[in-house]
Amino acid sequence: MIETFFNIGILAQAWPIILAGLGNTLLLSLLVVPLGLGGGMLLALLSTLRNPWIRWPLIAWVDFFRAFPPLVLLIFLYAGLPFAGLELGGFTCVGIAFFLNTGAYYGEVLRAGIESVAQGQVEAARSTGLSRGQALVWVVLPQAVRAVMPDLLSNTLEVVKLTSLASVVALPELLFQARQAQSLTYNPTPIVAAAVVYFLLLWPVVRLLSRLENRAIAGRG
Amino acid sequence: MAEPIVRATALHKHFGALHVLKGVDLQVAERELVFIIGPSGSGKSTLLRCLNRLETPESGSVVVDGIDLLDRRTDLNHARQRIGMVFQSFNLYPHMTALGNVTLALRKMAGKSRAAADAAGMAALERVGLADRAGHRPGQLSGGQQQRVAIARAIALEPRVMLFDEPTSALDPELVGSVLAVMRALRESGMTMVVVSHEMGFARAAADRVVFMDDGMIVEQGRPAEIFETPSQARTQAFISQIQRH
Ligand SMILES: Nc1ncnc2c1ncn2[C@@H]1O[C@H](COP(=O)(O)OP(=O)(O)OP(=O)(O)O)[C@@H](O)[C@H]1O
Ligand SMILES: [Mg+2]
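Given the structure is predicted, the values throughout are model-derived calculations rather than measurements. (Residues numbered from 1 in each chain as written. Chains lettered and ligands numbered in written order. Predicted model: local features only at pLDDT ≥ 70, side-chain atom pairs only at ≥ 80, totals over all residues. Heavy atoms only, no water.)

1. Regarding the sheet that holds strand S4 (residues 59-64) of chain B
Strand-to-strand pairing in sheets goes through backbone hydrogen bonds, with the strands running parallel or antiparallel.
Part 1 of the argument: Pairing in this open sheet of 4 strands is antiparallel, and the strands run S2-S1-S4-S5 (chain B) from one edge to the other. With partners counted over all chains shown, the strands left at the sheet margins are strand S2 (18-28) and strand S5 (67-68) of chain B, one partner each. (Pairing = 2+ DSSP bridges. Helix = DSSP H or I, 4+ residues; strand = E, 2+ residues; numbered from the N terminus.)

Following this line, the structure appears as structure tokens:
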């Protein structure tokens with residue numbers, strides 16, 4: 001068993017490959033988290049406009065991309081669009097897919113945050129002469145983000161895990177590299193190593209999250 | 001007579017089918033303290049909120065310090081700096097310190113540098129007796145202190161008029177006095193004030209005029225003693241005797 005799943009020799013051999021994968025996973029996360037957050041912020045801000053011509057398309061958009069499995073979306077962009085003469089490349093496809101999918105999720109979280117801020121806050125800000133935009137930036141958003149920080153973090157956790165989807169379009173992130181190493185060494189140890197690396201990467205975030213959630217519960221009580 | 005600093009004329013306001021202001025006229029002279037009383041739902045808050053255009057009346061006109069607030073060309077954000085407002089629920093920004101609350105509009109809107117804004121903010125906190133609490137968050141302050149910070153936030157912009165919407169009704173009774181004392185001092189400094197409140201003692205001591213509203217209309221107005229002791233309208237009489245029983 002240990003020879004099969006925890007083979008030190010194989011690990012040593014596969015380690016540089018896995019490390020490169022980890023690097024790419026981190027880079028990918030640094031790309032897709034801000035992209036998703038940016039997309040989500042855009043959606044959340046648009047949803048504060050009461051205009052029905054914006055409102056209904058927005059709801060349809062968010063519903064659609066929350067219901068659409070991100071793996072299917074990614075494969076469609078990568079393998080489907082070329083039939084329409086559009087070859088985007090793996091990296092671009094991942095960027096677009098995450099912008100659409102995780103943007104919709106972040107958007108819902110941020111919208112809930114904005115809606116949780118009391119109307120009186122905006123009125124107070126406007127009564128001192130701040131514009132709508134200034135009130136949003138200086139008064140509403142800081143409170144909104146704080147209110148949904150646990151949800152933002154937990155969404156981010158999901159997004160980092162989802163970066164493993166990029167392996168299906170051959171981006172050399174952690175999972176992809178581990179599978180490469182596995183097929184080179186004919187041994188599952190690299191996959192186990194990747195799992196451990198994922199765990200070590202995300203566990204601190206999970207801890208932080210439960211601390212925040214506990215504090216939220218304590219604050220409510 | 002000098003041009004009144006607030007001149008609201010023939011205001012009508014609906015919320016859906018509900019007719020909340022039914023042709024209200026209100027003028028406030030410079031340095032005057034006008035007190036507005038009336039039953040719940042009579043439109044007091046709505047009237048006050050029309051005076052800085054947090055609400056927009058459907059018809060009528062609102063001119064404050066010579067600025068027509070209903071004119072589409074009016075720069076409302078600029079106009080609102082001359083009209084301070086204090087809310088029943090304080091509405092302090094909970095993520096900022098007391099000084100941060102007071103200086104936000106000074107820095108972002110009045111375009112003051114941080115140092116200039118801080119100096120003006122500290123002066124305003126001084127006026128409400130809370131300079132020593134400048135670094136506290138609203139959550140670390142009592143209700144009375146929070147409301148005084150809210151007053152400081154408004155007066156730091158050096159408004160021409162201050163609007164108060166039930167500034168003491170969310171406070172524990174023992175904290176009301178400190179807020180009224182600040183309002184009293186503000187009045188003595190010559191500030192023009194419009195106050196919606198049921199603090200009759202304060203009205204008697206400080207108000208120049210008491211306005212009684214009912215059902216979206218001004219029923220009668222006069223000096224505090226007249227309104228409280230010898231009101232001419234039955235509705236005013238009923239309201240006064242009802243609140244004096246409490
Ligand atoms: N934003 C709003 N939407 C719908 N109805 C409103 C709104 N604001 C006020 N109203 C209604 O308008 C009427 C007048 O409200 P307003 O707040 O002006 O009364 P008020 O005299 O200040 O009462 P109170 O003493 O309870 O504060 C009430 O019936 C109220 O329910
Ligand atoms: Mg009211």
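Having seen the model, we can carry on.
2. Digging into unusual backbone geometry
Part 1 of the argument: For Phe90(B), which is not a glycine, the phi torsion comes out positive at approximately 65°.
Part 2 of the argument: Looking at where Phe90(B) falls in the secondary structure, it is placed in the loop between strand S6 (83-86) and helix H3 (98-108).

3. A look at the site of ligand 1
Residues and elements named next belong to chain B.
Part 1 of the argument: Taken together, Phe15, Leu18, Val20, Pro39, Ser40, Gly41, Ser42, Gly43, Lys44, Ser45, Thr46 and Glu166 make up the full set of residues adjacent to ligand 1.
Part 2 of the argument: Backbone polar atom of Gly43 to an oxygen atom of ligand 1: 3.0 Å apart, as the coordinates give it.
Part 3 of the argument: Look at ligand 1: alone it shows 630 Å² of surface, and the protein chains cover 59% of it.
Part 4 of the argument: Breaking the shell around ligand 1 down by element, the ones donating at least two residues are S2 and helix H1 (44-50).
Part 5 of the argument: Take the shell around ligand 1: its biggest share by element is 3 residues, from H1.
Part 6 of the argument: Of the residues contributing to the shell around ligand 1, the split by class is 4 nonpolar, 6 polar and 2 charged. (Near = heavy atom within 4 Å. Polar contact = N/O pair within 3.5 Å; in protein donor to acceptor, adjacent residues only side chain to side chain. Areas by Shrake-Rupley, 256 points an atom, 1.4 Å probe, with all protein chains shown as cover. Nonpolar A, V, L, I, M, F, W, Y, C, P; charged D, E, K, R; others polar.)

4. What to know about the nonpolar core
Part 1 of the argument: Ile37(B), Ile151(B) and Met162(B) are the most contacted members of the largest nonpolar core, which totals 89 residues.
Part 2 of the argument: With 33 residues, the next largest nonpolar core counts Leu28(A), Leu43(A), Leu110(A) and Leu141(A) among its residues. (Core = buried A, V, L, I, M, F, W, Y, C linked by side-chain atoms within 4.5 Å. Buried < 20%, exposed > 50% of the residue type's maximum accessible area, 1.4 Å probe, protein only.)

5. Regarding the pairing of strand S9 (residues 209-214) of chain B
All names here are of chain B.
Part 1 of the argument: Burial analysis of S9 places 6 of its 6 residues in the buried class, which makes it a mostly covered element.
Part 2 of the argument: As paired strands, strand S3 (residues 33-37) and S9 are joined by 4 bridges and run parallel to one another. In the strand pairing of S9, Phe35 is matched with Val210.
Part 3 of the argument: Here S9 pairs with strand S10 (residues 217-222) via 5 bridges, running antiparallel. By the bridge assignment, Val211 is partnered in S10 with Gln221.

6. Points about helix H6 (residues 173-188) of chain B
All names here are of chain B.
Part 1 of the argument: Given a rise of 1.5 Å per residue, 16 residues ought to cover 22 Å, and the 24 Å separating the end C-alpha atoms of H6 matches this to within 8%.
Part 2 of the argument: Burial in H6 covers these residues: Val176, Val179, Leu180, Val182, Met183, Leu186 and Arg187. Buried residues of H6, viewed axially, fall in a sector of 155°; they line one side. In H6, the exposed positions angled more than 90 degrees off the buried face are occupied by Glu174 and Glu188.
Part 3 of the argument: Among the structural elements, S3, helix H4 (114-127), helix H5 (143-155), strand S7 (161-165), strand S8 (192-196) and helix H7 (200-206) are those in contact with the buried residues of H6. (Expected span 1.5 Å × (residues − 1). Arc of directions from axis to C-beta. Contact = heavy atoms within 4.5 Å.)

7. Observations concerning the interface of chain B and chain A
Part 1 of the argument: With 22 residues of chain B at the interface, the matching set in chain A holds 17 residues.
Part 2 of the argument: Carbon and sulfur atoms make up 57% of the surface buried where chain B meets chain A, a total of about 1,600 Å² over both sides.
Part 3 of the argument: Contact with chain A buries area across many residues of chain B, yet Tyr93(B), His95(B) and Lys108(B) alone supply 33% of it, more than any other trio.
Part 4 of the argument: If you look at where chain B meets chain A, you find 1 salt bridge. (Buried area = accessible area lost by both parts, 1.4 Å probe. Salt bridge = Lys/Arg side-chain N within 4 Å of Asp/Glu carboxyl O.)

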